[in-house]
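Chain and residue survey
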Amino acid sequence: MTFFKGAVFAGSKVSFRGATFSDGMVSFNGAVFSDGTVNFAGAAFSGGMVFFSGAVLSDGVNFYQAVFSDGTVNFDSAAFSDGVNFAGARFSNCTVNFDNATGPAPQGLLAAIGTPAPAEVVLPTSWLPIP
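Reading the values: the criteria
- Along each chain, residues carry numbers from 1 onward, in the same order as the chain's sequence is written.
- Restriction of local features to residues with pLDDT of at least 70 applies here, the model being predicted, together with a cutoff of 80 or more for giving and counting side-chain atom pairs; totals for whole chains, interfaces and linings are based on all residues.
- Only heavy atoms go into the side-chain values, all of them from the structure, while hydrogens and water stay out.
- Where helices and strands are cited, they refer to DSSP runs of H or I of at least four residues and of E of at least two residues respectively, numbered from the N terminus.
- A radius of gyration in this sense is built from C-alpha atoms; the matching globule rule multiplies 2.2 Å by the number of residues raised to 0.38.
- Each residue gets one of three labels from its accessible area relative to the maximum for its type: buried under 20%, exposed over 50%, partly exposed in between, using a 1.4 Å probe on protein chains only.
- To measure how exposed things are, a 1.4 Å probe is used in the Shrake-Rupley method; for residues, cover is taken only from the protein chains shown.
- DSSP bridges decide pairing: two strands pair if at least two such bridges lie between them.
- Contacts are assigned to residue pairs that have any heavy atoms within 4.5 Å of one another.
- Definition of nonpolar core: a set of buried residues of the types Ala, Val, Leu, Ile, Met, Phe, Trp, Tyr and Cys, connected through side-chain atoms within 4.5 Å.
- Side-chain rings of Phe, Tyr and Trp, where Trp is taken by its six-membered ring, are said to pair if the distance between their centres is within 6.5 Å; with planes under 30 degrees apart they count as stacked, over 60 as edge-to-face, and otherwise as tilted.
- The pLDDT value tells you how sure the predictor is about a given residue, anywhere from 0 up to 100.

1. Remarks on the overall build of the chain
Across its full length, the chain carries 1 helix and 17 strands. Against the 2.2 N^0.38 benchmark of 14 Å for 131 residues, the chain shows a C-alpha radius of gyration of 13 Å, consistent with a compact globule. Principal axes of the C-alpha set define a box for the chain whose edges measure 40 × 30 × 25 Å. Across the 131 residues that make up the chain, the buried fraction comes to 41%. As displayed, the chain offers around 6200 Å² of accessible surface, 53% of which is attributable to carbon and sulfur atoms.

What follows is the structure, encoded as structure tokens:
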């Protein structure tokens, strides 16, 4: 288990680029990512549970080409602002929950998940494309 619960990443550059989080639990619950750059580009989250529940993610948080597979990913009740990037991220064989998330849909997220979203993906209604 790795816990960053309630951590504050503010005004700094933090890189988890290419990190591997597997077969365990990683918690960023309630973490605040603001006024800096937090890079998860190319990170692999597999076979475990990843929690960003209630986290605050602002401009500069990057999940570019991150891979989420074979586990559970929770961004429920997270607060997003413009500039959070999921372009090129891949989601496979995992449950993904953005239920009750607020703010705009992160850049590239809908393309990464696909539309319509698969049944194992929960998104806020406001993020869904209008038919």
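2. Thoughts on the sheet that holds strand β16 (residues 95-97)
Reading across the sheet, the 6 strands line up as β1-β5-β9-β13-β16-β17 and stay open at both edges, with parallel pairing between neighbours. Edge strands, defined here as strands with exactly one partner in the open sheet, are β1 (2-3) and β17 (121-122). Here strand β5 (residues 25-27) runs beside strand β9 (residues 49-51); their pairing, made up of 3 bridges, is parallel. Each bridged residue has a counterpart across the sheet, and for Ser27 the counterpart in β9 is Phe51.

3. A closer look at the side chain of Asn97
Mapped onto the elements of the fold, Asn97 is located in strand β16. When near neighbours in sequence (up to four residues on either side) are disregarded, Asn97 contacts Val73, Asn74, Phe75, Asp76 and Val122.

4. Overview of the nonpolar core
If you look at the biggest cluster of nonpolar residues, it comprises 36 residues, and the most contacted ones within it are Phe33, Phe86 and Phe98. If near-sequence neighbours (up to four positions away) are discounted, Phe33 is found in contact with Phe9, Phe28, Val38, Phe40, Phe52, Ala55, Val56, Leu57, Ser58 and Val61.

5. Quick word on the packing of aromatic side chains
Considering all chains together, one arrives at 33 aromatic pairs under this definition. Ring centres of Phe16 and Phe28 lie 5.8 Å apart, and the angle between their planes is 85°; this geometry places the pair in the edge-to-face category. Here Phe16 is found in the loop between β3 (13-15) and β4 (20-22), whereas its partner Phe28 is found in the loop between β5 and β6 (32-34), with 12 residues between them in sequence. By the burial criterion, Phe16 is buried, and Phe28 matches it.

6. Some words on the sheet that holds strand β10 (residues 56-57)
One open sheet holds the 4 strands; their spatial order is β2-β6-β10-β14, and the pairing between them is parallel. Strands with a single pairing partner mark the edges of an open sheet, and in this sheet they are β2 (8-10) and β14 (79-80). By the bridge criterion, 2 bridges tie β6 to β10 in an arrangement that is parallel. For Val32, the partnering residue across the bridge sits in β10 and is Val56.

7. A few points about the confidence of the model for the chain
Of all residues in the chain, 99% have pLDDT values of 70 or greater, and the mean over the chain is 90. At the level of individual helices and strands, the chain shows its lowest average pLDDT in β1, which scores 80, and its highest in β14, which scores 96.

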